[in-house]
Amino acid sequence: MADHQLRSIPDFFLELTIADEADTRRLANDLAVMLRAGDVVCLSGDLGAGKSTLTRALVRSFANDPELEVPSPTFTLVQTYEFDRFDLSHLDLYRLEDPEELEELGLEDLLETGAALIEWPEKAEELLPEKALWIQITQPDEAEDKRLFRFHAADISWQARTLETHEIRTFLERSSFPDAERRFLAGDASLRTFETVTANDRSAVLMRWPFHQNTLAQGVSDYMSSVHLAQDCRSVLAIGAELRQRGFRAPKVYEAEPDKGLVLAEDLGRETIVKNGAPVSERYFAAVEVLANMHGQTWPRSLPVDGYRTYEVPGYSSDALITEASLFLDWYVPEKTGRVVDVAARVSFENLWRKTLQSIASAQYGWVLRDFHSPNLLWQYDATGTDRIGLIDFQDTVYGPVAYDVASLLLDARADISQDLESALFDAYVSLRENQSQGFDKVGFSAAYSVMAAQRISKIIGIFVRLARRDGKPAYLSHLPRMLGYLDRVLDRPNLSELKDWYNGFRH
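Model, not experiment: these values are computed from the prediction. (Residues numbered from 1 in each chain as written. Predicted model: local features only at pLDDT ≥ 70, side-chain atom pairs only at ≥ 80, totals over all residues. Heavy atoms only, no water.)

Enquirer: Would you mind showing me how to read the confidence of the model for the protein here?
Expert: For residues with low pLDDT, the predicted coordinates do not support detailed interpretation. Mean pLDDT over the protein works out to 91, with 95% of the residues at or above the 70 mark. Across residues 1-5, confidence stays below pLDDT 50; counting only partners more than four residues off in sequence or on other chains, it has seven contacts. (pLDDT = per-residue confidence, 0-100. Contact = heavy atoms within 4.5 Å.)

What follows is the structure, given as structure tokens:
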């Protein structure tokens with residue numbers, strides 16, 4: 001038996017019997033996907049229990065390299081691996097002479113940039129973080145390969161994450177992707193996370209949307225409701241099915257459990273309409289064709305989902321548009337001026353926006369996918385026509401002025417669109433619409449385009465500052481010069497002269 005007993009920790013919340021090494025690798029894969037920077041995973045068990053086997057498999061899975069050399073840090077005590085996602089440190093405390101030596105290993109510093117996997121955590125006694133996941137491994141019944149894994153954690157978030165990742169594995173085993181290898185894909189600026197899963201030379205994308213109203217801060221929940229953001233994955237299923245039925249390239253859904261927030265769908269690749277950071281004109285013109293085809297159709301407000309329920313596409317109300325534009329006041333103006341916007345200025349701003357939106361009340365309304373820009377438009381090399389553009393991230397679709405999505409594309413938040421390219425894309429869209437219908441109102445559309453562009457840019461500027469300051473993601477600030485340049489460009493349009501005067505009062 002080990003010289004030190006397991007520290008006092010809560011009773012286990014999950015118990016798994018692992019039959020063989022393949023099962024161990026799958027468990028390690030599940031743990032690697034759910035890891036976050038700052039995490040500590042403590043692995044406890046006797047010699048030969050399988051701690052090193054699990055750790056080695058976890059590091060290799062995290063690295064996406066099954067051949068990665070993962071030496072035991074028995075003598076060095078710690079081995080740190082640098083990865084793009086975040087660093088991973090492997091500690092083996094078996095030879096730790098004094099628990100206080102843990103401080104010399106710099107665990108706190110390691111956790112600032114990554115996560116830590118710790119074998120023989122008993123040696124550190126009470127010096128390890130309270131918010132750690134403890135995995136106790138035993139060998140029942142003297143079975144050669146079988147192991148019993150018991151998961152302990154005082155932190156309820158660890159329990160939720162562990163049970164969620166186990167639930168995903170169970171979901172995959174029931175799907176057409178059993179024994180799939182999971183890889184973290186994305187989970188940055190939203191409540192959703194994404195993985196790629198591969199099995200038998202097939203790949204898919206798994207979306208996990210564990211949205212529950214009572215888990216969100218009141219302010220976040222209220223904002224989501226006020227601007228009509230989707231609250232569960234039914235929107236993805238309903239909107240995607242309708243897009244595919246109309247001939248647009250939305251991912252096919254292989255399996256879904258809406259009540260658990262799990263959707264396994266077609267993998268449309270990673271190539272967007274941007275290449276090497278610059279817009280590819282051919283691809284943007286193809287995306288314009290998609291929008292023109294969409295806007296030439298009438299779209300429903302009520303959609304079937306799950307075979308027995310319906311999903312209602314929310315309206316993009318003036319209140320929602322103004323609330324979004326007000327993010328400029330909430331976040332950018334304090335960032336720029338160092339002071340909060342007073343009540344009088346806010347009322348003036350909201351009244352001006354209400355008047356501006358009323359000026360385009362007769363604009364064409366239809367589906368607005370809302371984030372129709374380069375990160376969500378995937379280039380399909382083997383396709384033709386509108387199939388060349390794969391559509392993702394459409395869950396927040398609303399019914400509003402269709403000019404919004406055109407402005408989203410032509411003034412892309414993630415790519416520098418020159419004024420010449422914007423004008424050429426605008427003209428291409430108008431030409432396509434005029435060919436569809438002789439009654440297309442170019443003047444009215446141009447006015448709506450200007451207003452929707454100013455609204456979206458205001459919203460995105462506020463969101464980027466919020467992501468940097470509230471959510472600790474300063475990289476988003478690098479996009480501000482682009483967005484502020486777009487704002488100047490848009491506010492020069494004749495129908496936005498009043499807005500221009502108001503914005504310039506805060507920006508200059």
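Enquirer: Is there a simple way to think about the pairing of strand β4 (residues 87-92) in this case?
Expert: For a regular strand, side chains alternate in direction, first toward one face of the sheet and then toward the other. Summarising burial for β4: six of the six residues are buried, a large majority. Here β4 shows a buried face lined by Asp-87, Ser-89 and Leu-91 and a second buried face lined by Leu-88, His-90 and Asp-92. Hairpin connection between strand β3 (residues 78-81) and β4: a loop of five residues separates the two successive antiparallel strands. (Buried < 20%, exposed > 50% of the residue type's maximum accessible area, 1.4 Å probe, protein only. Helix = DSSP H or I, 4+ residues; strand = E, 2+ residues; numbered from the N terminus. Pairing = 2+ DSSP bridges.)

Enquirer: Would you mind showing me how to read the environment of Leu-357 here?
Expert: Inspection of the secondary structure assignment puts Leu-357 in helix α11 (residues 343-358). Residue classification places Leu-357 among the buried positions, given a relative accessible area of 7%. A C-alpha to C-alpha distance of 9.5 Å links Leu-357 and Gln-455, two positions 98 residues apart in sequence.

Enquirer: What am I meant to see in the nonpolar core here?
Expert: The nonpolar side chains of soluble globular proteins are, as a tendency, buried together. By size, the foremost hydrophobic cluster in this structure holds 104 residues, and its most contacted members are Leu-243, Trp-353, Leu-409 and Tyr-429. Examining the composition of this core, we find that 14 residues originate from one element, helix α14 (residues 442-469), more than from any other. (Core = buried A, V, L, I, M, F, W, Y, C linked by side-chain atoms within 4.5 Å.)

Enquirer: When you look at the sheet that holds strand β11 (residues 253-257) in this model, what are you seeing that I'm missing?
Expert: Paired through backbone hydrogen bonds, the strands of a sheet run either parallel or antiparallel to each other. Strand order in this open sheet of five strands is β8-β9-β10-β12-β11, and the pairing throughout is antiparallel. Since the sheet does not close on itself, it has two edges, and those belong to β8 (181-186) and β11, each with one partner. The mean angle between the axes of side-by-side strands here comes to 25 degrees, regardless of whether they run parallel or antiparallel. With five bridges connecting them, strand β10 (residues 202-208) and strand β12 (residues 262-266) associate as antiparallel partners. Its bridge partner lying in β12, Leu-206 is registered against Leu-264. (Axes fitted to C-alpha atoms, helices over the stretch in contact; angles between N-to-C directions.)

Enquirer: Please explain the sheet that holds strand β6 (residues 133-138) as it appears in this structure.
Expert: Spatially, β1-β7-β6-β2-β5-β4-β3 is the arrangement adopted by the seven strands of the open sheet, whose pairing is mixed. Each edge of the sheet is formed by a strand with only one pairing partner; in this case those strands are β1 (14-18) and β3. Neighbouring strand axes in the sheet, compared pairwise and without regard to direction, differ in orientation by 15 degrees on average. Taken together, the five bridges between β1 and strand β7 (residues 147-152) define a ladder with antiparallel strand orientation. Residue pairing in the sheet places Ile-18 in a bridge with Arg-147 of β7. Each of β1, β6 and β7 touches helix α1 (residues 21-34); the most contacted strand, β1, lies at about 140 degrees to it. Packing of helix α5 (residues 156-174) onto the sheet brings it into contact with β1, β2 (40-44), β6 and β7, and relative to β1 it is tilted by some 40 degrees.

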